[in-house]
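In case you want the letters, here they are:
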Amino acid sequence: MGTELLVERLQEEAALSSTYERGLALARNGSVADADEDTGALGATLSLSAVVRGSRGDAYRVRVLLDLNDAEILDYGCTCPAAQGYPGMCKHEIAAVLD
């Protein structure tokens, strides 16, 4: 999967215009922990799960499902309040993918 295409997809799926950059900052600051990856049986999908510490120090459980062949974001979820209140990916979900 091409990194540039994945970044483009993450930017498109971000809940707000600032969400991608905030997720990138979390990934760079080491806020992603307990990351686990599971590749599908045919190697076409990647399931990510992690705990991401937010900017206020709260820890959120994140899961993201990617299609590796097409660099598509198939599904995602986070326990943070923003993920429940906005359409699109939150910064924690983006950080887990970029980590």
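The following paragraphs examine the structure supplied in this document. These numbers were taken from a predicted model, which means no experiment stands behind them.

So, unusual backbone geometry
Despite not being glycine, aspartate 34 shows a phi value in the positive range, around 50°. Relative to the helices and strands, aspartate 34 resides in strand S1 (residues 32–39). Not every positive phi belongs to a glycine, and alanine 71 is a case in point at roughly 50°.

A word on the packing of helix H2 (residues 19–28) against helix H4 (residues 91–98)
Running from N to C, H2 and H4 point in directions that differ by 50°, and their axes come no closer than 7 Å. Of the possible angle classes, the one that applies to H2 and H4 is oblique. Of the two elements, H2 crosses H4, and the hand of that crossing is right-handed. Taking contact as the criterion, the partners of Thr19, Tyr20, Arg22, Gly23, Leu24, Leu26 and Ala27 in H2 are, on H4, Lys91, His92, Ile94, Ala95 and Leu98. By residue class, the composition of the contact of H2 with H4 is seven nonpolar, three polar and two charged.

Regarding the pairing of strand S3 (residues 59–67)
Where a strand is regular, its side chains alternate between the two sheet faces. Bridge analysis of strand S2 (residues 45–53) against S3 gives nine bridges, and the strand direction is antiparallel. Paired with threonine 45 across the strands is aspartate 67, a residue of S3. Counting the residues that bridge the hairpin from S2 to S3 gives five residues, and of these glycine 57 lies at a positive phi of roughly 95°. Two strands pair when backbone bridges link them, and S3 and strand S4 (residues 72–78) are joined in this way by six bridges, in the antiparallel orientation. Paired with arginine 63 across the strands is glycine 77, a residue of S4. In this antiparallel pair of consecutive strands, S3 and S4, the connection spans four residues, and alanine 71 shows a positive phi of 50°.

Procedures and definitions
- Residues numbered from 1 in each chain as written.
- Predicted model: local features only at pLDDT ≥ 70, side-chain atom pairs only at ≥ 80, totals over all residues.
- Heavy atoms only, no water.
- Helix = DSSP H or I, 4+ residues; strand = E, 2+ residues; numbered from the N terminus.
- Axes fitted to C-alpha atoms, helices over the stretch in contact; angles between N-to-C directions.
- Parallel < 35°, antiparallel > 145°, perpendicular 65-115°, else oblique.
- Left-handed = near helix turned anticlockwise from the far one by under 90°.
- Contact = heavy atoms within 4.5 Å.
- Nonpolar A, V, L, I, M, F, W, Y, C, P; charged D, E, K, R; others polar.
- Pairing = 2+ DSSP bridges.

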